[in-house]
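# Structure at a glance
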Amino acid sequence: QTASLGLEAAEADEPEMHNYLQKMLAMLRTKGCPLMVMEFLDGATLRGRSASERFVACDEGLIRTLGGFLAMDSVLNNWDRLPALRTWPHKGNLDNVLITTSGEVVAIDQALQLLCEPQVRVKYFSALRAFADEVMQADSLDGEGLRRIKDAIRNQVMKWTGDAEKDAELQQHFVNKQDKDGNPDFGVPLADVASGHLLDGVRDIFSKIAVVRAEFVANKTAFVDNAKEFFTEVEGARQFERIEAGASFIEESLKVLESEESYKNVLQETLDQSIVHPGRVYTHSR
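Here the structure is a predicted model, which is why all the values come from computation and not from measurement.

### Examining the pattern of salt bridges
For the coordinates displayed, the defined rule picks out 13 salt bridges. Two residues, Arg64 and Glu60, come together in a salt bridge whose shortest N-O distance is 2.9 Å. Taken together, the positions of Arg64 and Glu60, both in helix α4 (residues 60-76) and 4 residues apart, correspond to about one turn of that helix. Each of Glu60, Arg64 and Asp204 takes part in one network of salt bridges that share partners.

### What to know about helix α10 (residues 239-258)
End to end, α10 covers 29 Å across 20 residues, agreeing with the expected 28 Å (1.5 Å per residue, within 8%). Turning to α10, its buried residues are Arg242, Ile243, Ala245, Gly246, Ala247, Phe249, Ile250, Glu251, Ser253, Leu254, Val256 and Leu257. Where α10 is buried, its residues meet α4, α5 (118-136), α8 (192-206), α9 (209-228) and α11 (260-273).

### Things to note about the nonpolar core
Residues Leu46, Phe55 and Leu66 are the most contacted members of the largest nonpolar core, which totals 55 residues. In this view, Leu46 contacts Ala51, Phe55, Leu62, Leu66, Leu94, Val97, Ile99 and Val157; residues no more than four positions away in its chain are not counted.

### Some points on the pairing of strand β2 (residues 97-100)
Residues Val97 and Ile99 line one face of β2 and the alternating positions Leu98 and Thr100 line the opposite face, and both faces are buried. Sheet topology note: the strand β1 (residues 43-45)/β2 ladder contains 3 bridges and is antiparallel. Bridging from a neighbouring strand, Thr45 pairs with Leu98 of β2. Note that β2 and strand β3 (residues 105-107) share 3 bridges and pair antiparallel. Residue pairing for β3: Ile99 is matched across the bridge by Val105. The antiparallel hairpin formed by β2 and β3 contains 4 residues in its connecting segment, where Gly103 sits at a positive phi of about 95 degrees.

Parameters and conventions
Residues numbered from 1 in each chain as written. Predicted model: local features only at pLDDT ≥ 70, side-chain atom pairs only at ≥ 80, totals over all residues. Heavy atoms only, no water. Salt bridge = Lys/Arg side-chain N within 4 Å of Asp/Glu carboxyl O. Helix = DSSP H or I, 4+ residues; strand = E, 2+ residues; numbered from the N terminus. Expected span 1.5 Å × (residues − 1). Buried < 20%, exposed > 50% of the residue type's maximum accessible area, 1.4 Å probe, protein only. Contact = heavy atoms within 4.5 Å. Core = buried A, V, L, I, M, F, W, Y, C linked by side-chain atoms within 4.5 Å. Pairing = 2+ DSSP bridges.

Shown next, in the form of structure tokens:
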């Protein structure tokens, strides 16, 4: 109720944003879904000029950071950013990385996407292990995961020419076409050097995955208990069950990345146990 009232009283600078807020309000009232409020960051997404120029310059800081984001996204099945895994939508969502006016690279809107059906989890774990094998190869610049990311960038990130009039014309064309077939003719081709930086960023995390898993397991109970404190258990919503299942999913994903043997064990256990996790249900608490 408090969130609904606050949203209703909010003022927006643009008519489109006002309409968006009204739709969110309607969703709150009809579905009872949670509302997340995030800190405002002044900057632009990966589809903006700043990121474009840093891609062209093969900026190691930016691109290696993206690799780190991707590594952790793969643990969470957070498909809504860089589309590396074959089970993820090919377009991705480059708007879920912001470059602030100070140059900081920030990941936004990350979420654990829990897979409820065991057969679907097996398919995901197979895709995750295939990506891990690709990344850890010495020469992996032609792998499927990297190609998917390069295609997303080339189709969605415009290459600026420095000519104000021409750039304005290209940008308009880019904006009009980006949700259809993309704009590879006008986009940024990710150079091999930049691709290497991206894979190095992923390797930075994957190479430490055994340590990450050990630390997660040691703190798993506290992690689950802390997450539960942010929700009120409502009859029929099964939120606490989903939190526990989500923690187990993270642990399984970490095992898949840790070794081929652990990956095979996770697959077998998933099939043998055949656990179906509860789906997402929004229920009013009043």
